[in-house]
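Coordinate inspection notes
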Amino acid sequence: MGEEVPLAAGDVTLTDRDGLPAAFNWSRPWGAPSSISFDTGNYTVSFIAPLGNNNLKSIYKKPYNVSVTIPQNFSVQNPLLAGLSNGAHVTAHPDNSTTVTWNNTYLFDLRFYSQTQADILFIFFQFMAILVLVLVVIPYVISMRKDQ
C-alpha cells in the first residue's frame, strides 16, 4: 500500500561516466534488505532481478535517466498488451531485443508481453470475428432474403 518493496537483485555492477567499473559498498544488515552505497557522482547501476506479471515500475525522489533492456522473447510493440508510461523512447535492435528509455523521469512503468500472449490475443480476436459473423451477419442476411 505505497510502501517501498525491496527487489532481490543479483549481478549488481556500478559503472562511472566513462563506463569503467566503480567501487561500491554492499551492506546486508540482519533483518533488513540489502543496499549499496557509493560516492556522489554520475553512475550507471545495472542488475538482474526476477519480475512478476511482466511489469516493471519504479518511483524516484529525484529525476533519473532510466534504461530497460527487454530480451528477445518479449516485446512492447502491441499497445493492447503492452504499456509504457509517458516519455518512453523505444529502440528495437537487430537481435530482436528492445531498449526502452526515459530521460529525467521521477517514475516509469513498463508492461511487456511474450509471443504466447500475442498469439492468444490473435486467437481471441478470430473467435470474436466468427461469433459476430454467426450471430449478427448471417441472421441479417437470412432476414433480408425472407423479405424479398
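Everything below is about the structure shown above.
In this report, we go over the structure that sits alongside the text. (Residues numbered from 1 in each chain as written. Predicted model: local features only at pLDDT ≥ 70, side-chain atom pairs only at ≥ 80, totals over all residues. Heavy atoms only, no water.)

1. A look at the overall build of the protein
When helices and strands are tallied, the protein shows one helix and 10 strands. From first element to last, N terminus to C terminus, the protein shows the α and β order β-β-β-β-β-β-β-β-β-β-α. Projecting the C-alpha coordinates of the protein onto the three principal axes gives extents of approximately 85 × 40 × 25 Å. Put simply, the protein has 148 residues, and 16% of those count as buried. Across the protein, every contact between residues at least 6 apart in sequence was considered, and the portion connecting residues at least 24 apart equals 66%. Roughly 11700 Å² of accessible area belongs to the protein as shown, and the carbon and sulfur atoms make up 58% of that amount. For the protein, the distance from the average position of its 8 positive side-chain charges to the average position of its 10 negative side-chain charges is 10 Å. (Helix = DSSP H or I, 4+ residues; strand = E, 2+ residues; numbered from the N terminus. Buried < 20%, exposed > 50% of the residue type's maximum accessible area, 1.4 Å probe, protein only. Contact = heavy atoms within 4.5 Å. Areas by Shrake-Rupley, 256 points an atom, 1.4 Å probe, with all protein chains shown as cover. Lys, Arg positive; Asp, Glu negative; His and termini not counted. Charge placed at Lys NZ, Arg CZ, Asp CG, Glu CD.)

2. Focus: the nonpolar core
Counting residues in each nonpolar core, the largest one holds 12 residues, listed as Val66, Val68, Ile70, Val76, Ala82, Val100, Trp102, Phe108, Leu110, Phe112, Tyr113 and Ala118. Contributing elements (two or more residues each) for this core: β5 (55-70) and β9 (98-111). If you tally residues by element for this core, the top one is β9, at four residues. The contacts of Ile70, once residues within four sequence positions are left out, are Ser75, Val76, Ser97, Thr98, Val100, Leu110 and Phe112. (Core = buried A, V, L, I, M, F, W, Y, C linked by side-chain atoms within 4.5 Å.)

3. Topic: the packing of aromatic side chains
Here the structure, examined in full by the defined rule, presents seven aromatic pairs. With 6.3 Å between their ring centres and 40° between their planes, Phe24 and Trp26 make a pair best called tilted. The class for Phe24 is partly exposed, based on a relative accessible area of 25%. Pairing Phe74 with Phe112 gives two aromatic rings, centres 5.1 Å apart and planes at 75°, and the pair type is edge-to-face. Of the two residues, Phe74 sits in strand β6 (residues 74-75) while Phe112 sits in the loop between β9 and β10 (113-114), which places them 38 residues apart along the sequence. Take Phe74: its relative accessible area is 23%, and that puts it in the partly exposed class. (Phe/Tyr/Trp six-rings, centres within 6.5 Å; stacked < 30°, edge-to-face > 60°.)

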